[in-house]
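Below, each chain spelled out in residue letters.
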Amino acid sequence: MIISKIPVLSKIPKAAVDEPVIYLIAPHFDLSQLSMTKPETAYAKSCIDNEDKLISVNSYYKWIYIVVVSEHNDKATLYETMRNQAFELCQQVIKNKFTCVNIVDLYSEEGIAAAFAEGLILSAYKFNKYFGDKEKKEISLTTVHVVSNKLTDMDVEKLNIVCSSVYVARDIVNEPLSHLNAHKLAVTIQEAGKAAGFEVEVFDKQRIEALRMGGLLAVNRGSVDPPSFSIMTYKPANAINEKPYVIVGKGIVFDTGGLSLKPTQGSMDSMKSDKAGAAAAVGILYAIAKAALPLYVIGLVPATDNRPGENAYAPQDIITMYDGTTVEVLNTDAEGRMILADALAYANKYNPELVIDLATLTGAAVVAVGTIAIAAMGNNKEAISELHISGMQTRERIVELPLWEEYGEQIKSDFADIKNVGGRWAGSITAGKFLEHFTNYPWIHLDIAGTAYLDSIDKYRGKAGTGSGVRLLFDFFTRKCAE
Ligand code: BES
Ligand code: ZN
Ligand code: ZN
């Protein structure tokens, strides 16, 4: 599978003398230990006294960078500072067209060099493939060396895996509908399975019809392309869980809103990102399989575009879903919950340990928590609190919204079991209540509408597809293996 060009991290015993070097140091580090001339050392010292955090020294034969690690009580915040400093450094890498850099870890604590390397690699992502002069636009960096006695080979391997999985997810999000319809998404998932080592089965329209996945078929009715339903399976012999973890990702390859066409100017302009949940699900399976985590994991991706074609589903339609529930459609733009409902009901057949769905589900989630947090809901306190820890660690933070019974009133319908919209207020929660109806197992819903796609660059998260959810869940599952 082809993914955007990614720099590779490797551990080396000693930095080469003629390559750019990045020293990670504490503010009071004795600078005379670094291989710099006296004037260079004096210059660096004056910068540190001036509280500069990134110092560039253009030595006569190479570039030297000094990154001052600010002391911080909270480790998670410190790691984030490192990722952000790496983004600043990446601007130097781009400007000077470096192909290789050496990170020399002279800081006393663990995790610092890893966070810095992660931030650097994630900052080097570019989605260039459709430019005529894409070679010219490519980021030159191919190799990141790290010299550290606090980083194991395993840490390095995991970092390469998690970063490439984020790249996979970003690539999927960034592909436009013209190049990635529901069928092509399924093919991409198959390629990812081959590359990482998980099984993929794809249901075509006929099979989806035979299974009576009414929600997915309803949303697909306005489309010229058939829907797809992809099932990813990773089941290693040494799996520590008998019942699988199931990841469900919303795969709306483009969301026009359908007949309830998106009403406000510009609101459709980022809707190729409506498959970011699917992209995250693929990224997570990619990471788990590449890292050979001893976990049995299933990924489910229902996919279609949502558009107002001739036969498009219409407001007031009543749809019979995969599990037999009838749904009154009052807004065809609330399509994500229609396709997810079928996938969530399908997940029941696995008797899952836990189901986590990821979806760019509601504009209301963006209103509530903006682009810096994920709105989380669910019926399993323990999993939510574990996810909360992973969120702090990876800076993919979650905020829990309640699924109190009273909110369920808002999706009661006059004509069917439930309706697909819940009125003006608490839109993320009523969407969550809708999904909850189709679950009867431990379950978490992650609304990534705010975090999945950025209109302007935000440090190492970049611009456009961010790969939201991949690092969060990889951390979550890595911890499961250590329990
Ligand atoms: N894909 C959108 C949600 C979305 C909005 C994602 C903004 C990312 C950024 C979803 O399908 C949608 O249109 N939701 C509607 C639901 C409403 C009609 C009940 C919304 O949030 O407006
Ligand atoms: Zn929509
Ligand atoms: Zn949508």
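Further up the page is the structure itself.
### Quick word on the sheet that holds strand β2 (residues 21-25)
Okay, step 1: In spatial order, the strands read β1-β6-β5-β2-β4-β3; together these six strands make up an open sheet with mixed pairing. Every other strand in the sheet has two partners, leaving β1 (8-11) and β3 (54-58) as the edge strands with one partner each. With strand direction ignored, the average angle separating the axes of adjacent strands in the sheet is 20°.
Okay, step 2: Strand direction decides the pairing type here: β1 and strand β6 (residues 143-147), joined by four bridges, are parallel.

### With respect to empty space enclosed by the protein
Okay, step 1: Throughout the structure, instances matching the rule amount to one cavity of 30 Å³ or more.
Okay, step 2: Quantified by volume, the largest cavity comes out at close to 30 Å³.
Okay, step 3: Lining the largest cavity, in full, are Ala169, Val173, Ala276, Ala279, Ala280, Ile448, Ala452, Thr466, Gly467 and Ser468.
Okay, step 4: Listing elements by their share of the lining of the largest cavity, those giving two or more residues are α5 (153-174) and α9 (276-290).
Okay, step 5: Examining the composition of the lining of the largest cavity, we find that three residues originate from one element, α9, more than from any other.
Okay, step 6: Looking at the lining of the largest cavity residue by residue, the classes come out as seven nonpolar, three polar and no charged.

### Section: the coordination of the zinc ion (ligand 3)
Okay, step 1: Protein coordination at the zinc ion (ligand 3): the donors are Lys250 (NZ), Asp255 (OD), Asp274 (OD) and Glu335 (OE), at 1.9 to 2.5 Å from the metal.
Okay, step 2: The site at the zinc ion (ligand 3) holds six donor atoms, and with the angles between them running 77 to 174°, its shape is octahedral.
Okay, step 3: If you list the donors of the zinc ion (ligand 3) from N- to C-terminus, the spacing comes out as K-x4-D-x18-D-x60-E.
Okay, step 4: The metal-metal distance between the zinc ion (ligand 3) and the zinc ion (ligand 2) comes to 3.2 Å, with Asp255 coordinating both. Of this pair, Asp274 sits in the loop between β10 (251-255) and α9 while Glu335 sits in the loop between β13 (326-328) and α10 (336-347); the two residues are 61 residues apart in sequence, bridging distant segments of the chain.
Okay, step 5: Residue classification places Glu335 among the buried residues on the basis of a relative accessible area of 0%.

### Remarks on the coordination of the zinc ion (ligand 2)
Okay, step 1: Donor atoms from the polypeptide that coordinate the zinc ion (ligand 2) comprise Asp255 (OD), Asp333 (O), Asp333 (OD) and Glu335 (OE), at 2.0 to 2.2 Å from the metal.
Okay, step 2: Read in sequence order, the donor residues coordinating the zinc ion (ligand 2) give the pattern D-x77-D-x1-E.

### Quick notes on the site of ligand 1
Okay, step 1: Taken together, the neighbourhood of ligand 1 is formed by 15 residues, with Lys262, Asp274, Asp333, Glu335 and Gly363 sitting nearest.
Okay, step 2: Here an oxygen atom of ligand 1 sits 2.9 Å away from a polar atom, N or O, in the side chain of Asp255.
Okay, step 3: Taking Gly363, its main chain carries an N or O atom lying 2.7 Å from an oxygen atom of ligand 1.
Okay, step 4: If you map ligand 1 onto the pockets, it falls in the largest pocket.
Okay, step 5: The class makeup of the residues in the shell around ligand 1 is four nonpolar, four polar and seven charged.

### Quick notes on the pairing of strand β8 (residues 228-234)
Okay, step 1: The element β8 is largely enclosed, with a buried count of six among its seven residues.
Okay, step 2: Examined bridge by bridge, strand β7 (residues 199-203) and β8 share five bridges and lie antiparallel to one another. Pairing of Val202 across the sheet is with Ser230, part of β8.
Okay, step 3: Relative to strand β11 (residues 297-306), β8 runs antiparallel, the two sharing seven bridges. Opposite Ser228, over in β11, you have Ala303 as the bridge partner.

### Quick notes on the nonpolar core
Okay, step 1: Membership of the largest hydrophobic core comes to 100 residues, with the highest contact counts inside it found for Leu24, Leu120, Ile247, Leu446, Leu473 and Phe477.
Okay, step 2: Looking at this core, the element that brings in the most residues is α9, giving twelve residues.
Okay, step 3: Formed by 47 residues, the second largest nonpolar core is a distinct cluster that contains Ile208, Val246, Met338 and Ala343.

### Quick word on the layout of surface pockets
Okay, step 1: Empty space within the largest pocket amounts to approximately 940 Å³.
Okay, step 2: Along the walls of the largest pocket sit 39 residues, with Lys262, Leu361, Thr362, Gly363 and Ala364 positioned nearest its centre.
Okay, step 3: Its residues placed into classes, the lining of the largest pocket shows 13 nonpolar, 17 polar and nine charged.
Okay, step 4: Each pocket or cavity is described by its volume, and for the second largest pocket that value is around 740 Å³.
Okay, step 5: As for the second largest pocket, its lining consists of 21 residues, of which Ala114, Asp155, Leu159, Gln393 and Asp475 are closest to the centre.
Okay, step 6: Those elements that place two or more of their residues in the lining of the second largest pocket are α2 (75-96), α3 (112-123), α5, α12 (381-394) and α15 (470-482).

Definitions and limits used
- Residues numbered from 1 in each chain as written.
- Chains lettered and ligands numbered in written order.
- Predicted model: local features only at pLDDT ≥ 70, side-chain atom pairs only at ≥ 80, totals over all residues.
- Heavy atoms only, no water.
- Pairing = 2+ DSSP bridges.
- Helix = DSSP H or I, 4+ residues; strand = E, 2+ residues; numbered from the N terminus.
- Axes fitted to C-alpha atoms, helices over the stretch in contact; angles between N-to-C directions.
- 1 Å grid on protein atoms, 1.4 Å probe; cavity = no way out; pocket = protein on both sides within 12 Å on 5 of 7 lines; lining within 4 Å.
- Points joined across faces, edges and corners; volume = space filled by probe spheres on them.
- Nonpolar A, V, L, I, M, F, W, Y, C, P; charged D, E, K, R; others polar.
- Donors = N, O, S within 2.8 Å, 3.2 Å for Na, K, Ca; no water.
- Tetrahedral: all angles 85-135°; square planar, octahedral: opposite > 155°, others 65-115°.
- Buried < 20%, exposed > 50% of the residue type's maximum accessible area, 1.4 Å probe, protein only.
- Near = heavy atom within 4 Å.
- Polar contact = N/O pair within 3.5 Å; in protein donor to acceptor, adjacent residues only side chain to side chain.
- Sits in = over half its atoms within 2 Å of the grid points.
- Core = buried A, V, L, I, M, F, W, Y, C linked by side-chain atoms within 4.5 Å.

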